[in-house]
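Residue strings, one per chain:
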Amino acid sequence: YQGTVAPTQQEKGKAFRALHEGDPFVIPNPWDAGSAKMLAGTGFKALATTSSGLAFALGRPDGTVTLDEIVGHVDALREATDLPVSVDLEHGYGPTAADVERAITSVAAAGAVGGSIEDYDRDEGRLYTLGEAVDRVSAAVAAARALDFPFTLTARAENHLRGNPDLDDTIARLLAFREAGADVLYAPRLTGVGEIEAICTAVERPVNVLAFPGLGLSFDEIVGAGAQRVSVGGWLALTAVKAAADAAERIFEAGDFSSLSAPSRIGEWLGS
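Residues numbered from 1 in each chain as written. Predicted model: local features only at pLDDT ≥ 70, side-chain atom pairs only at ≥ 80, totals over all residues. Heavy atoms only, no water.

A look at the pattern of salt bridges
Taken as a whole and judged by the stated rule, the model has 21 salt bridges. For Glu90, the salt bridge identified is with Arg122, shortest N-O distance 2.9 Å. Residue Glu90 is located in the loop between strand S3 (85-88) and helix H5 (97-110), and its partner Arg122 is located in the loop between strand S5 (120-121) and strand S6 (126-127); the two are separated by 32 residues in the primary sequence. Taking relative accessible area as the criterion, Glu90 reaches 3% and is therefore assigned buried. The partner of Lys242 in a salt bridge is Asp246, with the nearest N and O atoms 2.8 Å apart. In this pair, Lys242 and Asp246 both sit in helix H10 (residues 235-254), four residues apart, roughly one turn of the helix. A relative accessible area of 52% means that Lys242 is categorised as exposed. Bridged by salt links that share partners, the residues Asp62, Asp88, Glu90, Glu118, Arg122, Arg156, Glu158 and Arg162 form one connected network. (Salt bridge = Lys/Arg side-chain N within 4 Å of Asp/Glu carboxyl O. Helix = DSSP H or I, 4+ residues; strand = E, 2+ residues; numbered from the N terminus. Buried < 20%, exposed > 50% of the residue type's maximum accessible area, 1.4 Å probe, protein only.)

Here is the structure:
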């Protein structure tokens with residue numbers, strides 16, 4: 001879409017949905033408008049927000065971003081790029097079905113065409129029971145279906161990220177989320193081909209897999225195990241911060257400015 005008439009939300013929603021029906025793809029995670037422009041200029045076809053990356057950009061730990069702040073973030077990404085944007089909505093910014101519905105409709109109004117809801121309550125530090133989690137996914141599905149454009153809903157089972165790597169329970173949760181109407185299923189922090197294959201075979205629905213340091217798998221290996229979509233969560237943001245921190249430490253400790261550099265395409269990304 002870059003350089004042409006801006007697509008409508010209906011068109012972006014259809015394009016995002018179509019990505020899940022075609023070849024497997026990477027959906028990278030920008031943490032601000034500039035990184036969104038960089039990723040769009042690199043050639044990716046869609047973007048996904050990262051709660052941890054945005055929280056860092058705001059100077060806070062993960063789990064502290066408010067719904068109003070994520071709505072503002074989505075609006076900034078919509079202004080920065082014409083790509084479809086899916087939003088990490090954490091647990092929906094509240095414990096009730098009404099909270100989940102409000103999260104979906106709020107980011108949709110800001111320009112998002114997709115979003116994810118997880119089954120972990122950060123406020124109470126617990127995984128929702130299966131019944132609670134299904135009710136929340138059902139509420140998200142209802143809110144998504146009430147919109148006047150395609151909104152792709154991802155349901156997340158957080159077991160592996162929250163110290164409970166029970167593959168059977170994770171699969172049971174994802175199957176229940178599928179039956180509740182989720183379009184994409186996601187269990188962050190799967191650790192190998194065997195777990196990815198087991199989930200993708202069981203759920204028979206597009207699966208998102210998180211790539212992270214230590215996973216040790218290439219894109220081809222992840223999609224060979226059955227994944228349709230691969231994201232990187234906050235790791236691009238952390239990679240950028242590490243590069244800056246390493247350069248800053250060399251400046252502070254040794255007066256060495258040799259690590260300072262700029263990407264050659266920055267003018268292209270920013271349209272200057």
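More follows now that the structure is in view.
Observations regarding the environment of Ala187
Assignment of secondary structure puts Ala187 in the loop between strand S8 (184-186) and helix H8 (193-203). As a C-alpha pair, Ala187 and Thr170 span 17 residues in sequence and 7.3 Å in three-dimensional space. With residues up to four places along the chain from it excluded, the contact list for Ala187 reads Ala157, Thr170, Leu174, Ile199 and Asn208. (Contact = heavy atoms within 4.5 Å.)

What about the nonpolar core?
A general tendency of soluble globular proteins is for nonpolar side chains to be buried together. Counting 65 residues, the largest nonpolar core has Ile70 and Phe177 as the members making the most contacts within it. What Ile70 contacts, discounting residues up to four positions off in sequence, is Thr49, Leu54, Val65, Val87, Tyr93 and Val107. (Core = buried A, V, L, I, M, F, W, Y, C linked by side-chain atoms within 4.5 Å.)

Focus on the pairing of strand S9 (residues 207-210)
The alternating pattern of S9 places Val207 and Val209 on one face and Asn208 and Leu210 on the opposite face, and all of these are buried. Where S8 and S9 come together, two bridges link them in parallel fashion. In the sheet register, Tyr186 faces S9, and the bridge partner there is Asn208. With respect to chirality, the unit in which S8 leads through H8 into the neighbouring parallel S9 is right-handed. (Pairing = 2+ DSSP bridges. Right-handed = clockwise from strand over helix to strand, strands pointing away.)

Quick notes on the environment of Thr129
Summarising the element assignment, Thr129 is placed in the loop between S6 and helix H6 (130-145). Take Thr129: its relative accessible area is 42%, and that puts it in the partly exposed class. The sequence separation of Thr129 and Ala237 amounts to 108 residues, and the corresponding C-alpha distance is 32 Å.

Some remarks on the sheet that holds S3
Read across the sheet, eight strands follow the order S1-S10-S9-S8-S7-S4-S3-S2 without closing on themselves; strand pairing throughout is parallel. The open sheet is flanked by strand S1 (25-26) and strand S2 (47-48), the only strands paired with a single partner. Examined bridge by bridge, strand S4 (residues 114-118) and strand S7 (residues 152-156) share five bridges and lie parallel to one another. Bridge pairing in S7 places Glu118 opposite Arg156.

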